[in-house]
Amino acid sequence: MSKKISYFLIAIGGLVAIYAQAKAEQNQLILISGIVILMLGVYNISRNIPSKNDQDDEPQNNI
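Residues numbered from 1 in each chain as written. Predicted model: local features only at pLDDT ≥ 70, side-chain atom pairs only at ≥ 80, totals over all residues. Heavy atoms only, no water.

Chemist: So what exactly am I meant to see when it comes to the overall build of the chain here?
Modeler: A count of helical and extended segments in the chain gives 2 helices and 0 strands. Here the chain holds 63 residues, and the buried ones make up 17% of them. Contacts in the chain between residues at least 24 apart in sequence constitute 58% of all its contacts with a sequence separation of at least 6. Here the chain has roughly 5500 Å² of accessible surface; of this, 62% comes from carbon and sulfur atoms. (Helix = DSSP H or I, 4+ residues; strand = E, 2+ residues; numbered from the N terminus. Buried < 20%, exposed > 50% of the residue type's maximum accessible area, 1.4 Å probe, protein only. Contact = heavy atoms within 4.5 Å. Areas by Shrake-Rupley, 256 points an atom, 1.4 Å probe, with all protein chains shown as cover.)

Chemist: Mind showing me how you'd approach helix 2 (residues 28-46) here?
Modeler: The α-helix winds at 3.6 residues per turn, so residues separated by three or four positions along the chain end up facing the same way. The first and last C-alpha atoms of helix 2 sit 27 Å apart over 19 residues, in line with the 27 Å expected at 1.5 Å per residue. Within helix 2, burial applies to Leu-31, Gly-34, Gly-41, Asn-44 and Ile-45. Viewed end-on, helix 2 has its buried residues packed into an arc of 165°, placing them on one side of the element. Residues of helix 2 that are buried in the fold lie against helix 1 (3-22). By the N-cap criterion, in which a side-chain oxygen at the helix start approaches the backbone nitrogen of a residue two or three places on, helix 2 is capped by Asn-27, the distance to Leu-29 being 3.3 Å. (Expected span 1.5 Å × (residues − 1). Arc of directions from axis to C-beta. Polar contact = N/O pair within 3.5 Å; in protein donor to acceptor, adjacent residues only side chain to side chain.)

Chemist: How should a nonpolar patch on the surface be read in this particular structure?
Modeler: A surface patch of nonpolar side chains, about 300 Å² in accessible area, is lined by Phe-8, Ile-12 and Leu-15. Judged by its relative accessible area of 31%, Ile-12 is partly exposed. (Patch = residues over 30% accessible without salt bridge, like charges linked within 9 Å, V, L, I, M, F, W, Y side chains within 5 Å. Salt bridge = Lys/Arg side-chain N within 4 Å of Asp/Glu carboxyl O.)

And the structure:
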């Protein structure tokens, strides 16, 4: 997925989750679906971030 779609999923998921929490009677299904959409967007964004440990195999000691 592209980054735009992932950011869109994050925004929509957050809005749906907030909407489900704002009501006096919370609909658990809407809240869970909002959180799932939010987490799909976060997963797609974080999947493209390189690991901190992914470095060249060069020695770290530069004397």
